[in-house]
Every structure is written in structure tokens, then in C-alpha cells.
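# Coordinates in review
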Amino acid sequence: RVGAARTLARPRMDQLNASSNASIANQPQGALNSIFSGGGGNPRLRPYVADGVDVSYEYYFNNRGGYFAIASYYKWLSNFVNPNASVVRDFSYLVPSLTGAQLDAFNESGQQTLGFVSGPDNGAEGHIFGVEASLSLPFDTFSTALEGFGFQTSVSYTDSELTVSPPEGGASFNVDVPGLSKWVVNSTVYFEQSGFEARVSHRYRSSFLAEFIGISASRNFRQTYAESIFDAQIGYRFESGSLEGLSLTLQALNITDEPFVNFQNGDREQIIDYERYGRTYLIGASYRF
């Protein structure tokens, strides 16, 4: 299979905010040696755009669901939102409202009326490249004595990069696309026979750049530790008798109580959040008629 698509996504509503604010410091600061600064949203943001192509190959070798598949894709990203852009603006309209201390600081700055205004813009573009291989292997492919046993797995590799270009002509820099792990592995070993089923699943996700809510609903980006999570399930479905149609299940999620950890400045020792969510146990019943 071969496919191609163009997709668009709207920026976050808070980034499209039409309001802005101005701040006046009591002493000159920053690269402009100015007492003025500001921030806000950008109602002129354009939608994210991704032009992508993908190709896949599938091979089915068992009438009970055995197959092997491999797929790859490439996406060209444009209009990607840089949430931390800043531009220079003239704050001369605020000079008449300066207090005595602020006026002294303004004079100390050489009566600098320019200052930085922070906010989002569409100043980033890049790519996402991915490859995924999947395998579903019923063990009765090897022997009828193993009927009901099976194994499923998928492995994906993702490479991503954004080139961020500051609006005032500063040096461009590269970052990963937020939310994407380089490696993700999902695997399940199962047994299904005569209404009885049992399975153990494992999910591995390598470190990725995550977005967190900061002070005053602002957003911060930090790197995370890799995750390795185990789940298990056992169940029985009555296929005859007075209880036919009834299914009972017992699930255990996050069996090893894997923590979620993120850190800053690329230093794994500078941990910001260390969170444990505990194990979750679920008992369920359903009835079909």
C-alpha cells in the first residue's frame, strides 16, 4: 500500500489569544538593557501543516490471524508553532506613565524604549520519519499442540527534528518534535481456548520531550525518563449452559508500579517530577444476549 496526505491542525486556543501585556522593571535588564518587556498570544497564527507519504507491506501466513507487516512514513512539517518566540517592540507610549523610580531606571538605560515581546509564531519547520514492524504469531503455526497460544509485537522507530528560526534574525537551532519517543515497543503473549483467555502485555517507550503546565498556565518542555510498563489480564467466557453469554475478567495494570520521571537542562540528575501512580486492579463482567 502507498498513500499520501496533507493534514492541518489548529494551534492551541491560548496561543491564538489576541491579548498582550506590558511590564516595566525597576532597572535595565536583558540584551537591550531595557526596562520594558511584554508577552501575549498571536491571533495571526496559521495552522500546522504536514505533507506526508507512507508505504506498507503485509504478509499473511496463517488463517487464524498470523501476519507480518512493515510500514514507513515521512512527514514534512511547516508552520509549526514556536511557543517561545520573541520580537522587539517600541514601548515609547509608556514613557509618560513612568513612576519616579522607573523614570530613573529609564534614564539609566539611556532612554531605551525598545523591549522584547514574547509569544508564539510559526517560525519552525521540520520532518518526522518513522518505521514500524508488526508481527502476529499464533503458535499453532508450529504445532497443533500449541493451539490457543500466541504472540504479538510491534516495534516502531521515529526520527524527528524541528528547525526553529527566531523572528529577529537570530541563530536557528534544532529540537525534537515534542511528544515523540525514538523507540516504542508493544508486545503481548496470550492464550485463548474454549472461552478461557490470559495475556501479559509489555510497553516500552524511550525518553521523549514532553510538555507540562507551568506557572500561570504557561507551558514548559522537559525530557522524560524511559518507561517500561507491564499489564496482565485473565478472563473466562461461558459458551454454553445457563450462563452462556456471560464474561468475567480480572486485569492488573502497571504491575511493576513504573514511575513517571522528567528532568530539565538535559541532565538526568535535575529531576523536576517523580510521580508514582500505583497499580490498578479491575474486575469486570459483561453479558451478551
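What you see is a predicted model, and the numbers here were worked out from it, not measured in a lab. (Residues numbered from 1 in each chain as written. Predicted model: local features only at pLDDT ≥ 70, side-chain atom pairs only at ≥ 80, totals over all residues. Heavy atoms only, no water.)

Before going further, it helps to spend a moment on the pattern of salt bridges. The tally for this structure, following the rule as stated, stands at nine salt bridges. The closest approach of N and O atoms between R6 and D51, which form a salt bridge, is 2.6 Å. Of the two residues, R6 is situated in strand 1 (residues 2–9) and D51 in strand 4 (residues 48–62); the sequence distance between them amounts to 45 residues. Residue R6 is classed as exposed on the basis of its relative accessible area, which comes to 57%. Using a relative accessible area of 25% as the deciding quantity, one classes D51 as partly exposed. R276 is paired through a salt bridge with D257; the nearest N and O atoms lie 3.7 Å apart. With R276 in the loop between strand 16 (271–275) and strand 17 (280–287) and D257 in the loop between strand 14 (246–253) and strand 15 (260–263), the pair connects residues that are 19 residues apart, well separated along the chain. Given a relative accessible area of 14%, D257 falls into the buried group. (Salt bridge = Lys/Arg side-chain N within 4 Å of Asp/Glu carboxyl O. Helix = DSSP H or I, 4+ residues; strand = E, 2+ residues; numbered from the N terminus. Buried < 20%, exposed > 50% of the residue type's maximum accessible area, 1.4 Å probe, protein only.)

Moving on, we get to the side chain of N254. By the secondary structure assignment, N254 is in the loop between strand 14 and strand 15. Among the residues examined, N254 registers a relative accessible area of 11% and is labelled buried.

Once that is clear, we can look at the nonpolar core. Counting nine residues, the largest nonpolar core is built from I35, F36, V87, F91, L94, L98, A105, F106 and V117. When residues of this core are traced back to their parent elements, those giving at least two are strand 3 (34–40) and helix 1 (100–108). If we ignore the near neighbours within four places in the chain, the residues touching F106 are I35, F36, V95, L98, Q111, Q112 and T113. Of all hydrophobic cores here, the second largest spans eight residues; its members include F80, I128, L162 and V164. (Core = buried A, V, L, I, M, F, W, Y, C linked by side-chain atoms within 4.5 Å. Contact = heavy atoms within 4.5 Å.)

Pairing between strand 3 and strand 6 (residues 114–138): three bridges, direction parallel. Pairing of G39 across the sheet is with S118, part of strand 6. The pairing of strand 5 (residues 66–90) with strand 6 spans 19 bridges and is antiparallel. Its bridge partner lying in strand 6, Y74 is registered against F129. Judged from the 15 bridges that link them, strand 6 and strand 7 (residues 149–164) form a sheet pairing that is antiparallel. The residue bridging S136 from the neighbouring strand is Q152, located in strand 7. (Pairing = 2+ DSSP bridges.)

As for its placement among the helices and strands, S134 is situated in strand 6. Taking the C-alpha atoms as reference points, S134 and N26, separated by 108 residues in sequence, lie 61 Å from one another. Ignoring anything within four residues of it in the chain, the contact list for S134 reads Y67, F68, A69, T153 and S154.

This part covers the packing of aromatic side chains. The description of an aromatic ring pair uses the distance of the two centres, along with the angle that the planes make with each other. One pass over the full model with this rule turns up 15 aromatic pairs. Where F36 meets F106, the ring centres are 6.0 Å apart and the plane angle is 65°; that geometry is what we call edge-to-face. Taken together, the positions of F36 in strand 3 and F106 in helix 1 put the pair 70 residues apart, joining distant regions of the chain. Here the aromatic cluster, defined as three or more aromatic residues joined through ring pairs, consists of F36, F91, Y93 and F106. Geometry around F208 places R205 over its ring, the cationic atom sitting 3.8 Å from the centre. (Phe/Tyr/Trp six-rings, centres within 6.5 Å; stacked < 30°, edge-to-face > 60°. Lys NZ or Arg CZ within 6 Å of the ring centre and 35° of its normal.)

This next bit is on a nonpolar patch on the surface. Together, Y57, Y59, F61, F68 and I70 give the surface a local cluster of nonpolar side chains, amounting to about 480 Å² of exposed area. In terms of residues, the nonpolar patch owes the most to one element, strand 4, which gives three residues. A relative accessible area of 45% places Y59 in the partly exposed class. (Patch = residues over 30% accessible without salt bridge, like charges linked within 9 Å, V, L, I, M, F, W, Y side chains within 5 Å. Areas by Shrake-Rupley, 256 points an atom, 1.4 Å probe, with all protein chains shown as cover.)

Distances and angles like these do not, on their own, reveal function.
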